[in-house]
Amino acid sequence: MFDRVDYYPGDPILGLMGEYAKDTNPNKVNLGVGVYYDESGKLPVLECVKTAEQHIANPISPRPYIPMEGLPGNRKACQELLFGKGAKVLEEKRVATIAAIGGSGALKIGAEFINEWLPESKTYVSDPTWGNHISIFEYSNVPVAKYPYYDKVTNSVKFDEMLAFFETLNKNDVLILHPCCHNPTGIDLTQEQWDKALEVIQAKELIPFMDIAYQGFGKDMESDVYAIRKAVDMGLPLFVSNSFSKNLSLYGERVGGLSVVCPTAELAERVFGQLQFTVRRTYSSPPSHGGRIVDIVMNDEALYDQWVGEVYDMRDRIKAMRLKLKSVLEANVPGRNFDYLTSQNGMFSFTGLTPEQVERLKTKFGVYMVGNSRMCVAGLNSSNIDYVANAMAEVLKD
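Described in the following lines is the structure provided in the data block. (Residues numbered from 1 in each chain as written. Predicted model: local features only at pLDDT ≥ 70, side-chain atom pairs only at ≥ 80, totals over all residues. Heavy atoms only, no water.)

Some remarks on the nonpolar core
Counting residues in each nonpolar core, the largest one holds 109 residues, and the members touching the most others are Phe83, Phe166, Leu248, Met298 and Trp307. Ranked by residue count, the leading element in this core is helix α12 (residues 301-332), at 11 residues. Look past the residues within four positions of Phe166 in its chain and what remains in contact with it is Tyr147, Leu175, Val200, Ile201, Lys204 and Leu206. Counting residues in each nonpolar core, the second largest holds 28 residues, with Ala96, Phe113, Val142 and Ile207 among its members. (Core = buried A, V, L, I, M, F, W, Y, C linked by side-chain atoms within 4.5 Å. Buried < 20%, exposed > 50% of the residue type's maximum accessible area, 1.4 Å probe, protein only. Helix = DSSP H or I, 4+ residues; strand = E, 2+ residues; numbered from the N terminus. Contact = heavy atoms within 4.5 Å.)

Details of the pairing of strand β10 (residues 255-261)
Most of β10 is tucked away: seven of the seven residues are buried. Residues Val255, Gly257, Ser259 and Val261 line one face of β10 and the alternating positions Gly256, Leu258 and Val260 line the opposite face, and both faces are buried. The pairing of strand β2 (residues 95-101) with β10 spans seven bridges and is classified as antiparallel. Following the sheet pairing, Ile98 is matched in β10 by Leu258. Two strands pair when backbone bridges link them, and strand β9 (residues 238-243) and β10 are joined in this way by six bridges, in the antiparallel orientation. Across the sheet, residue Ser243 finds its bridge partner in β10, namely Gly256. (Pairing = 2+ DSSP bridges.)

Quick word on the pattern of salt bridges
Close approach of charged atoms allows side chains of opposite charge to pair. All chains considered together, the criterion is met by 18 salt bridges. A salt bridge links Arg270 to Glu266; its shortest N-O distance comes to 3.2 Å. In this pair, Arg270 and Glu266 both sit in helix α10 (residues 265-282), four residues apart, roughly one turn of the helix. Overall, the relative accessible area of 44% leaves Glu266 in the partly exposed class. We note a salt bridge from Asp386 to Lys324, for which the minimum N-O separation is 3.7 Å. Placement of the pair is Asp386 in helix α15 (residues 385-397) and Lys324 in helix α12, with a sequence separation of 62 residues. What makes Asp386 partly exposed here is its relative accessible area of 35%. Judged by relative accessible area, Lys324 falls into the partly exposed class, the value being 34%. Several salt bridges converge on common partners, so that one network encompasses Glu19, Glu359 and Lys362. (Salt bridge = Lys/Arg side-chain N within 4 Å of Asp/Glu carboxyl O.)

Here's the deal with the packing of aromatic side chains
One pass over the full model with this rule turns up 12 aromatic pairs. Ring centres of Tyr36 and Phe217 lie 6.3 Å apart, and the angle between their planes is 75 degrees; on these two criteria the pair is classed as edge-to-face. Here Tyr36, found in the loop between β1 (29-30) and α2 (47-57), pairs with Phe217, found in the loop between β8 (207-212) and α9 (226-233); they are 181 residues apart in sequence, far enough to count as distant. Here Tyr36 and Phe217 have matching classes, each one buried. Relative to Phe165, the ring of Tyr124 has its centre 5.6 Å away and its plane inclined at 70 degrees; by these criteria the two rings are edge-to-face. Taken together, the residues span a long stretch of sequence, with Tyr124 in strand β3 (residues 123-127) and Phe165 in helix α7 (residues 159-166) at a distance of 41 residues. Three or more aromatic residues joined by ring pairs form one cluster here, namely Phe113, Phe137, Phe209 and Phe239. The residue whose ring lies beneath Lys85 is Tyr304, and the NZ or CZ to ring-centre distance is 5.1 Å. In this structure, Arg281 packs its charged tip against the face of Phe277, placed 4.4 Å from the ring centre. (Phe/Tyr/Trp six-rings, centres within 6.5 Å; stacked < 30°, edge-to-face > 60°. Lys NZ or Arg CZ within 6 Å of the ring centre and 35° of its normal.)

Quick word on the sheet that holds β8
Spatial ordering of the open sheet is given by β2-β10-β9-β8-β7-β3-β4, a layout of seven strands whose pairing is mixed. The open sheet has two edge strands with one neighbour each: β2 and β4 (144-148). Strand-to-strand, the axes of this sheet are offset by a mean angle of 25 degrees, without reference to chain direction. Contacts from helix α3 (residues 72-83) reach β2, β8, β9 and β10, with the element oriented near 115 degrees to β2. (Axes fitted to C-alpha atoms, helices over the stretch in contact; angles between N-to-C directions.)

Structural notes on the environment of Phe348
For Phe348, the position within the fold is in strand β11 (residues 348-350). Between the alpha carbons of Phe348 and Gly32 there is a distance of 9.4 Å; along the sequence they are 316 residues apart. Excluding anything up to four places from it in sequence, Phe348 contacts Gly34, Asn183, Pro184, Thr185, Gly186, Tyr214, Arg322, Arg374, Met375, Cys376 and Val377.

Focus: the packing of α2 against α12
Interaxial distance between α2 and α12 falls to 8 Å at its minimum, and their mutual angle equals 145 degrees. Taken together, the residues of α12 that come into contact with α2 (itself represented by Glu47, Cys48 and Thr51) are Leu303, Gln306, Trp307 and Glu310. Its residues assigned to classes, the contact of α2 with α12 shows three nonpolar, two polar and two charged. (Nonpolar A, V, L, I, M, F, W, Y, C, P; charged D, E, K, R; others polar.)

A word on α7
The periodicity of an α-helix, 3.6 residues per turn, causes residues three or four places apart in sequence to face the same way. Here α7 has its buried residues at Phe159, Met162, Leu163 and Phe166. The buried residues of α7 occupy an angular sector of 95 degrees when projected down its axis, which confines them to one face. Its buried side turned inward, α7 meets β4, β6 (156-157), β7 (174-177) and α8 (191-203). (Arc of directions from axis to C-beta.)

Section: the side chain of Ser126
Structurally, the position occupied by Ser126 is in strand β3. What makes Ser126 buried here is its relative accessible area of 0%. A distance of 2.9 Å separates the side chain of Ser126 from the side chain of His182, its partner in a polar contact. Other than its neighbours up to four places away in sequence, Ser126 contacts Tyr147, Tyr149, Ile176, His178 and His182. (Polar contact = N/O pair within 3.5 Å; in protein donor to acceptor, adjacent residues only side chain to side chain.)

What follows is the structure, given as structure tokens:
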């Protein structure tokens, strides 16, 4: 048996972090992994989370299994963040929601559901997309292909080409879409573009599967879910996976959710049962601790308001780093347009560097980013941004 086991070369991003850990350069900078670091370069614990943790620990309580679908308050938080408090679709009980093991777990349960109940469907992801999108769906035996998205020449969306591609797809084909803070490019559709894209999706009877891991990091909590709520208003069938890893800084707790918007409450109940069954035969039930934090923070008005403020502080710090990086690069590389750095949203940016330039950044300067030139802007701070910007300028001028 063991002689037949293939070698796993490792995840490219996690492998890059292994290289970073071994690097002895005192000026090294980690811009590879998708994690928010604060101004001091540390992973923050949000103040609202500290309060929730104190509440959980006072008194320390038993740890029973929780339901397959997760804690009610966690599920309620997912629904109200995505669809809005008092949303008609929630009042009509047309949304089946489960808590999941992070956004990845939500995608996995959704992929298994699609494989079982829409076996004729093919799933399409943006070119490029987060690499695990492809792995998760393929491993669930769902065929995966790509749709046009990123134009490296103009550093924008190939919007017309994308819509033309959607027109060629078959009924019930699934589209993995990024409602905000596109990973890895940081380039989002405008609201007007979302309107047009969703019209084509509706006309072709395609199924949108929206994966949102950065709500609040783009424009604001409401604007970042525009595409989700627009799809609901249009009466589209809809899958939504969401994650609290970034906006609650709960990476290791693995807290996410999967919501499926259905035509009727009766159908939502049937879908909910199948999601429960998939969870039961996959991992039985989600962990409780992160779900309790979400429940406490999201369903307490004062803590919720504090959380939103903390998310916006993180968002604004990232935007400030984008602006500073742009200004230093413009000063050091005259004649080149860096406007894309401030028009992109969220934690990530496609820098436009070639693989050779990315490698030179790593070997000469100890600045680590993914080979496709994706940079985690949240890894920048006032102590390292000049070093990074000057290093980027040097490799761009070579």
